[in-house]
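The residues making up each chain are set out below.
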Amino acid sequence: MQDSSQRLTGLGKSLVALVVMVLIGSGIWMLVRDKGAPGRDGQPGGTQPPAPTPADPPALDAPLPEGLVETQTEIPRLAPATACQPKDGVLEVELSEYAGYAGLIAANGGLAPNPESIFAKKYGFRVKLALSEAESWNALNSGRLAASATTADVLAVYGRQFEVSVPALIGYSRGADGIVVRSDIKRVNQLRGRTLATAQFTEADFFIRYLAQEAGMPVRMLGSLQDAPDADALNLVFCEDGFVAGDVFLAELKAGRSRLAGFVGWAPTTTEVAQQSGGKAHVLATNRNLLIVADVLVVNRGFAQQNPEMVKGLVHGLLEGNRIVRDTPNAAIDAVAGAFKWTREKATAELAKVHLANHPENLAFFSGQIDAAGSFSGIYSSSIYSYGPGLIRSPVDGDRFLDLSALKSLAAEPAFKDQKVAIAPIRSSAPSAVEGDPLLSKDIRFLFEPNSAKLDMQNPENLRNLDSLRDLLRISPGSTILLRGHVDNAMIAEFRKQGGEAFVRQMALKAMELSKNRAAEIKRALVETRGCDAARIETVGRGWEEPAGAEPEKNRRVEGQWFTVE
């Protein structure tokens, strides 16, 4: 490469001038194109929100924010599987700094191997709990660890190469994961064409992919912030972890750039970034009442096959520790605070962001009978669908991971036999930033008989759409759905020809009634055929007042607006 002090030839100067002119022209064209993009998200009553501020065109001299990492277009390969061989009767279990693992800490009496622990007293082995924020999947696969914890969605990502068994549900995150966005963004649908930062192949990545999927938005992974975002998709760039993603977004805000619309990460960074943004950002949603982030115990498969009684001991200790923390938190708070080097006050606050699962909740989670949170099969299948065939190219059935023999054998334990499934909505004492706004909207094409409100219950698409709405209510306790009925507006001009404005008004009233009846018919079907609570479903008919586009087919629809509790 030539030194910058060397003089350019006449031809070289001409070439440089030509390149500069082309780049400037391209930048102007991209800016005009972005500013001319129409808004996409409708609001109740037919009003349109302000179009989101378009992302800046890629600036040639803009520095890349520190913390961004290379986007992986393939699932990472794991180390070959080897059975773990514990030394001196001590099982090493690696965890991250997260209150959801308080039950294991309580059962063990801290992190160090403890002869007074539940594991030692009842099953004759000791447990060493190690803390690490690095992913332990290679160590777990290769036998350097006996067990760890992850979320159910991650299992779908790594698939067949991940040689682990899942004997138990640990619990649900209840607010530890969240989405922080610029203040003009009020629902997930408005992220179309925008870019978020998150940590790839983590529960945060799955969280936003799941919501984008429900909102009907494709997801595109960008190589860097220099890449032009896809105007019809939610765009993602990636960081080392969810904490760094928050730092990167806050740096962009403070620099006055709009390349990032927000980030998906973990508490307390989510709250801190919103507070430090000076009103420029807010928390769009957390999983406080959106229970699709479920932590499960994962055990090295070879070890589990060779030592079923030790696996039973791990599950027993976990459930007993969860019971202690749930029923008598003061008895465990010092052990939890000491393990994570937290104050008692912080430990109490962090425990409020998790739901530690008991025995019947475990059984319901794996059987699919839980109706107030995500089930194992539901989360696993959603993960495969959310990441898509471009990443998960050869998905495997989630049942290959499950070994529930230990869980089932503990059903007669006196401490567990009277436990009940107890998952309820958590309501904030203060008004929420998203109060009154749906988290997302989804347009659903239900097929009715012509000019009728009778739903065709033999049509497979109708049945899938009913299941989709039911599942939204199931995985979010306390959430509600507003069904907004719409009809085709293609006949307005013909009505005007036939009888003028008076006839148009007459037919508009009929259209309003038809759309209302169609929304009511879907509510009836949800209640009678899907067991949904009628009190959690509202309906309204909008007639032809809120067209979604010029095509008649797009306007014969029902819009489902999903309101979660915050």
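Everything below is about the structure printed above this text.
Throughout what follows, the structure given in this document is the object of discussion. All residue numbers refer to positions counted from 1 along the written sequence of the respective chain. In keeping with the model being predicted, local features are shown solely for residues with a pLDDT of at least 70 and side-chain atom pairs are shown and tallied solely at 80 or more, while totals for entire chains, interfaces and linings include all residues. Just so you know, side-chain values use all the structure's heavy atoms and leave hydrogens and water out.

**A short note on the overall build of the protein chain**
Here is step 1 of the chain: Strands here are runs of E lasting at least two residues and helices are runs of H or I lasting at least four, both read from the DSSP assignment and numbered beginning at the N terminus. Along the backbone of the protein chain there are 18 helices and 16 strands.
Here is step 2 of the chain: A 1.4 Å probe rolled over the protein chains alone gives each residue an accessible area, and that area as a share of the maximum for its type sets the label: buried under 20%, exposed over 50%, partly exposed in between. Residue burial in the protein chain is summarised as follows: out of 566 residues, 51% are buried.
Here is step 3 of the chain: Partitioning the intrachain contacts of the protein chain with sequence separation of at least 6 by distance along the chain shows that 80% fall at a separation of at least 24.
Here is step 4 of the chain: Accessible area of the protein chain: about 25,600 Å², with a carbon and sulfur share of 52%. Pairs of residues are marked as contacts when any of their non-hydrogen atoms sit within 4.5 Å. Computed with a 1.4 Å probe, the accessible areas rest on the Shrake-Rupley method; for each residue, only the protein chains presented here act as cover.

**A short note on helix H6 (residues 203-214)**
Here is step 1 of the chain: For H6, with 12 residues, the first-to-last C-alpha span of 16 Å sits near the 16 Å given by 1.5 Å per residue.
Here is step 2 of the chain: Across the 12 residues of H6, 10 count as buried, placing the element largely inside the fold.
Here is step 3 of the chain: Along H6, the residues that are buried comprise Ala204, Asp205, Phe206, Phe207, Ile208, Arg209, Tyr210, Leu211, Ala212 and Glu214.
Here is step 4 of the chain: A positive backbone phi angle near 80 degrees is found at Gly216, which sits one or two residues after H6. By definition here, a helix of n residues has an expected span of 1.5 Å times n minus one.

**Observations concerning the sheet that holds strand E11 (residues 294-300)**
Here is step 1 of the chain: Only when DSSP finds a minimum of two bridges between them are two strands counted as paired. Across the sheet, 6 strands lie side by side as E2-E1-E3-E11-E4-E12; this open sheet has mixed pairing. At either end of the open sheet lies a strand with only one pairing partner, and these are strand E2 (126-131) and strand E12 (354-356). The sheet shows a mean angle of 30 degrees between the axes of neighbouring strands, taken without regard to direction.
Here is step 2 of the chain: As defined by bridge partners, strand E4 (residues 164-173) adjoins E12 across 3 bridges and the pair is classed as antiparallel. Among the inter-strand pairings, Tyr172 is bridged to a residue of E12, identified as His355. Orientation is described by axes fitted as lines to C-alpha atoms, over the contacting stretch for helices, and by angles from 0 to 180 degrees between their N-to-C directions.

**Remarks on the pattern of salt bridges**
Here is step 1 of the chain: Whenever Lys or Arg places a side-chain nitrogen within 4 Å of a carboxyl oxygen from Asp or Glu, that contact is recorded as a salt bridge. What the rule picks out here adds up to 20 salt bridges.
Here is step 2 of the chain: Across the salt bridge formed by Arg257 and Glu252, the nearest N and O atoms sit 2.9 Å from each other.
Here is step 3 of the chain: A relative accessible area of 23% means that Arg257 is categorised as partly exposed.
Here is step 4 of the chain: Judged by its relative accessible area of 0%, Glu252 falls in the buried class.
Here is step 5 of the chain: When the shortest N-O distance is used, the salt bridge between Glu252 and Arg259 registers 2.9 Å. Of the two residues, Glu252 and Arg259, neither departs from the other in class, the shared state being buried.
Here is step 6 of the chain: Among the charged side chains, a network of salt bridges with common partners joins Asp467, Arg470, Asp471 and Arg530.

**Remarks on the pairing of strand E16 (residues 558-563)**
Here is step 1 of the chain: For E16, the tally of buried residues reaches 5 of 6 residues, placing the bulk of the element in the interior.
Here is step 2 of the chain: One ladder, built from 6 bridges, connects strand E14 (residues 480-485) with E16; its direction is antiparallel. Each bridged residue has a counterpart across the sheet, and for Ile481 the counterpart in E16 is Trp562.

**Here we look at the packing of aromatic side chains**
Here is step 1 of the chain: Only the six-membered ring of Trp is used, alongside the rings of Phe and Tyr, when aromatic pairs are assigned; centres must lie within 6.5 Å, and planes under 30 degrees apart are stacked while those over 60 apart are edge-to-face, with the rest tilted. Per the stated rule, a full pass over the model turns up 15 aromatic pairs.
Here is step 2 of the chain: Ring geometry for Phe366 versus Phe376: centroids 5.8 Å apart, planes at 45 degrees, classification tilted. With Phe366 in helix H13 (residues 359-367) and Phe376 in helix H14 (residues 376-387), this pair connects stretches of sequence that are 10 residues apart. This pair shows no difference in class: Phe366 is buried, exactly as Phe376 is.
Here is step 3 of the chain: Taken together, Tyr172, Phe365, Phe366, Phe376, Tyr380 and Phe401 form an aromatic cluster joined through their ring pairs.

**With respect to the layout of surface pockets**
Here is step 1 of the chain: Approximately 1,100 Å³ is the volume attributed to the second largest pocket.
Here is step 2 of the chain: Ser96, Glu133, Thr202, Glu203 and Trp266 are, among the 47 residues lining the second largest pocket, the residues nearest its centre.
Here is step 3 of the chain: Secondary-structure elements contributing two or more residues to the lining of the second largest pocket are strand E1 (90-95), strand E3 (147-151), helix H5 (152-158), strand E8 (234-239) and helix H12 (344-351).
Here is step 4 of the chain: Counting residues per element, the lining of the second largest pocket draws most heavily on E3, which supplies 4 residues.
Here is step 5 of the chain: When residue character is reported, Ala, Val, Leu, Ile, Met, Phe, Trp, Tyr, Cys and Pro are called nonpolar, Asp, Glu, Lys and Arg charged, and the others, Gly included, polar. A class-by-class count of the residues in the lining of the second largest pocket yields 23 nonpolar, 11 polar and 13 charged. A 1.4 Å probe that fits into a set of points on a 1 Å grid over the protein atoms alone but cannot get out defines a cavity; an open set with protein on both sides within 12 Å along at least five of seven lines defines a pocket, and lining residues are those with an atom within 4 Å of a point. Grid points are joined across faces, edges and corners, and a volume is the space filled by probe spheres set on the points.

**Description of the packing of helix H7 (residues 242-254) against helix H8 (residues 269-276)**
Here is step 1 of the chain: Relative to each other, H7 and H8 sit at 10 degrees, their axes nearing to 9 Å. As far as their axial angle goes, H8 and H7 are roughly parallel. Contacts between H7 and H8 involve Phe243, Gly246, Phe249, Leu250 and Lys254 from the former and Thr269, Val273 and Gln276 from the latter.
Here is step 2 of the chain: Within the contact of H7 with H8, the residues separate by chemical class into 4 nonpolar, 3 polar and 1 charged. We call two directions roughly parallel when the angle between them is under 35 degrees, roughly antiparallel when it is over 145, roughly perpendicular when it lies between 65 and 115, and oblique otherwise.

**Quick look at the side chain of Gln161**
Here is step 1 of the chain: Structurally, Gln161 can be placed in the loop between H5 and E4.
Here is step 2 of the chain: Contact partners of Gln161, with chain neighbours within four places excluded, come to Ile75, Pro76, Arg77, Leu78 and Asn141.

**Points about the nonpolar core**
Here is step 1 of the chain: Ranked by internal contacts, the top residues of the largest apolar core, which has 136 residues, are Leu155 and Leu211.
Here is step 2 of the chain: With 7 residues, the top contributor of residues to this core is H6.
Here is step 3 of the chain: Not counting residues up to four positions away in its chain, the partners in contact with Leu211 are Ile179, Val188, Leu290, Leu439, Leu440 and Trp562.
Here is step 4 of the chain: Core analysis: the next-biggest nonpolar cluster, separate from the first, contains 17 residues, Leu225, Phe249, Leu260 and Val273 among them. As used here, the term nonpolar core means buried Ala, Val, Leu, Ile, Met, Phe, Trp, Tyr and Cys residues forming a set that is joined through side-chain atoms within 4.5 Å.

Any link to function would need more than the numbers given here.
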